[in-house]
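Notes for the structure review
This is what each chain is made of:
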Amino acid sequence: DPMWLADKLSSAYKIGNQDGLKELYAATKRLVQTNITREITLSCDGTSVTFDTTTQIARDWFFPGHLNGELHEPAFTRRLLQLLEEDSVFYDVGANIGYYTLFASEVCQEGSTYAFELAPKFITAIEKKSRT
């Protein structure tokens, strides 16, 4: 079962990271990136977003730290979703891989969401997500 394995790997990652066992972290990351999934879904306060993780930059960013559904900066993610409305206009300047962009695009259905990023490796990850 992939979810069981994901849970175990996420736990191993946390232990290794907290104890400073970089070897455990690196091995877990390689295993996850090659064997688990091509996408990851994260949910916050009723808003769910599925991220495409087929690019290396996206895999590096999401796995293994968010493998068990853990949010990136959970307090900020929750606050952002509380502030956005259906007709909001959202600008993500320095969008990186588009984490906040995708959450905002789910809420701002009648508004607009714009992502600004200069690094080509991140732009590729954002473009892949916008096609899924």
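These lines cover the structure that appears in this document, whether it is placed above or below.

The rules behind these values
- Residues numbered from 1 in each chain as written.
- Predicted model: local features only at pLDDT ≥ 70, side-chain atom pairs only at ≥ 80, totals over all residues.
- Heavy atoms only, no water.
- Salt bridge = Lys/Arg side-chain N within 4 Å of Asp/Glu carboxyl O.
- Helix = DSSP H or I, 4+ residues; strand = E, 2+ residues; numbered from the N terminus.
- Buried < 20%, exposed > 50% of the residue type's maximum accessible area, 1.4 Å probe, protein only.
- Pairing = 2+ DSSP bridges.
- Right-handed = clockwise from strand over helix to strand, strands pointing away.
- Phe/Tyr/Trp six-rings, centres within 6.5 Å; stacked < 30°, edge-to-face > 60°.
- Patch = residues over 30% accessible without salt bridge, like charges linked within 9 Å, V, L, I, M, F, W, Y side chains within 5 Å.
- Areas by Shrake-Rupley, 256 points an atom, 1.4 Å probe, with all protein chains shown as cover.

**Some details on the pattern of salt bridges**
On inspection of all chains with the given rule, the structure shows one salt bridge. Here Arg78 and Asp45 are joined by a salt bridge, their closest N and O atoms 3.9 Å apart. Of this pair, Arg78 sits in helix 4 (residues 74-83) while Asp45 is found in the loop between strand 1 (39-44) and strand 2 (47-52), placing the two residues 33 residues apart along the sequence. With relative accessibility at 36%, the residue Arg78 sits in the partly exposed group. Given the relative accessible area of 54%, Asp45 is considered exposed.

**Description of the environment of Ala119**
When you line up the elements, Ala119 lands in the loop between strand 4 (112-116) and helix 6 (120-131). With relative accessibility at 22%, the residue Ala119 sits in the partly exposed group. Along the sequence, Ala119 and Ile97 sit 22 residues apart, while their C-alpha atoms lie 9.8 Å from each other.

**Some words on the pairing of strand 4**
Where strand 3 (residues 89-93) lies against strand 4, five bridges are found, and the strand directions are parallel. Residue pairing for strand 4: Val93 is matched across the bridge by Phe116. For the handedness criterion, the β-α-β arrangement of strand 3, helix 5 (residues 99-107) and strand 4 is classed as right-handed.

**Here we look at the packing of aromatic side chains**
One pass over the full model with this rule turns up 10 aromatic pairs. Considering the side-chain rings of Trp61 and Tyr99, the 5.6 Å spacing of their centres and the 45 degrees angle between planes classify their relative orientation as tilted. A residue pair is termed long-range when its members are at least 10 positions apart, and Trp61 in helix 3 (residues 56-62) and Tyr99 in helix 5 qualify at 38 residues. Members of the aromatic cluster, joined through ring pairs, are Phe51, Trp61, Phe62, Phe76, Tyr99, Tyr100 and Phe103.

**Focus: the pairing of strand 2**
Where strand 1 and strand 2 come together, six bridges link them in antiparallel fashion. Opposite Thr41, over in strand 2, you have Thr50 as the bridge partner.

**Let's talk about a nonpolar patch on the surface**
Residues Val89, Tyr91, Val93, Tyr114 and Phe116 make up a contiguous nonpolar surface patch of roughly 530 Å² in combined accessible area. Those elements that place two or more of their residues in the nonpolar patch are strand 3 and strand 4. Sort the elements by how many residues they give to the nonpolar patch and strand 3 lands first, with three residues. With respect to the helices, strands and loops of the structure, Phe116 is situated in strand 4. Judged by relative accessible area, which is 41%, Phe116 ranks as partly exposed.

The values are spatial; any link to function lies outside them.
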